[in-house]
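Structural overview for review
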Amino acid sequence: MYKEIPATLLAQLLERPDDARRVDGLLFAPGAASGWSAAASRTTLTDEQLDARFTWPGLAVSADQRHLLGGLDLGKYPDPDWFACFLAAAEDPAGIDLTGLLSPDPAEQAAAWRTATEEADLGPHHSAHQDGDSEYGFSTDTPCYGIPSYRRSEDLAAVWARIERVLAAHPRLAGRIVEQFGPEIRYYHGCAARGSADLYVCW
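Here is a short report on the structure shown in this document. (Residues numbered from 1 in each chain as written. Predicted model: local features only at pLDDT ≥ 70, side-chain atom pairs only at ≥ 80, totals over all residues. Heavy atoms only, no water.)

**Focus on the overall build of the protein chain**
When helices and strands are counted, the protein chain shows nine helices and six strands. For the protein chain, contacts bridging at least 24 residues in sequence account for 74% of all contacts bridging at least 6. As displayed, the protein chain has an accessible area near 10300 Å², and 52% of this comes from carbon and sulfur atoms. (Helix = DSSP H or I, 4+ residues; strand = E, 2+ residues; numbered from the N terminus. Contact = heavy atoms within 4.5 Å. Areas by Shrake-Rupley, 256 points an atom, 1.4 Å probe, with all protein chains shown as cover.)

Shown next, in the form of structure tokens:
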């Protein structure tokens, strides 16, 4: 899953990414196998700062949601393949059949997916450190499959900028777009508004 974290916390993690005890101390609550620390759970931005940053009117976001880092267990599942088609519409609005992708008819949606051949770049995934030809993420002793990569705040802001371009180009489809891609839109809008980074965590 993608786990949203403050950019300042990412900077701390990158100081010693191979120190598992320090990484776990920064990310996880003491004595909890998978409970996130307070620093990895809520933003320190004020209500006024968050009000000024959550500017897209198509989402209802409560004050608590603005402070909370991420949605599903404070993060989200990796983006599905069909989300790439949606993002591709930011670069090629005429070449992507958004109406088909948003159709409630599975057959029509599948046909639109088959004709959408462009792959979207969701931003680079960075490795925390490299040893020879091998790349490693962050060391951790927490029971999980590892933290292989991260994305910087500017990477996530770039994904949100692409989402905004699609929404601006298709205002009449905005409601259906939010219904279809709600978790992704909420995640990237929240990360961009809070100036967050994220980690790719494999549980």
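Don't stop here, the text continues.
**Focus on the pairing of strand β5 (residues 146-151)**
Within β5, five of the six residues are buried, which leaves the element mostly enclosed by the surrounding structure. Two elements, β5 and strand β6 (residues 196-202), share four bridges in a ladder whose sense is antiparallel. What sits directly across from S149, in β6, is Y200. (Buried < 20%, exposed > 50% of the residue type's maximum accessible area, 1.4 Å probe, protein only. Pairing = 2+ DSSP bridges.)

**As for the layout of surface pockets**
Its volume calculated, the largest pocket comes out at about 350 Å³. As for the largest pocket, its lining consists of 20 residues, and the residues nearest its centre are G70, G71, P183, R186 and Y187. Residue contributions to the lining of the largest pocket peak at seven residues, all from helix α9 (residues 174-194). Split into classes, the residues belonging to the lining of the largest pocket amount to 10 nonpolar, six polar and four charged. Every residue lining the second largest pocket is counted, 15 residues in all, and those nearest its centre are P6, A7, T8, T43 and T44. Per element, the largest residue contribution to the lining of the second largest pocket is four residues, and it comes from helix α1 (residues 7-15). Considering only residue class, the lining of the second largest pocket consists of seven nonpolar, six polar and two charged. (1 Å grid on protein atoms, 1.4 Å probe; cavity = no way out; pocket = protein on both sides within 12 Å on 5 of 7 lines; lining within 4 Å. Points joined across faces, edges and corners; volume = space filled by probe spheres on them. Nonpolar A, V, L, I, M, F, W, Y, C, P; charged D, E, K, R; others polar.)

**Considerations on the side chain of K3**
Looking at the element boundaries, K3 is found in strand β1 (residues 2-6). For the buried residue K3, which engages in no salt bridge, the nearest side chain bearing the opposite charge is E4, 6.3 Å off. A polar contact is formed between the side chain of K3 and the backbone oxygen of A40, at a distance of 2.6 Å. (Lys, Arg positive; Asp, Glu negative; His and termini not counted. Salt bridge = Lys/Arg side-chain N within 4 Å of Asp/Glu carboxyl O. Polar contact = N/O pair within 3.5 Å; in protein donor to acceptor, adjacent residues only side chain to side chain.)

**Description of the pattern of salt bridges**
Across all of its chains, the model carries six salt bridges by this definition. Between R42 and D64 there is a salt bridge, and its shortest N-O distance comes to 3.0 Å. With R42 in the loop between α2 (20-27) and α3 (47-53) and D64 in helix α4 (residues 63-67), the pair connects residues that are 22 residues apart, well separated along the chain. Look at R42 and you get partly exposed, because its relative accessible area is 35%. The class for D64 is partly exposed, based on a relative accessible area of 44%.

These figures come from the coordinates and say nothing about function on their own.
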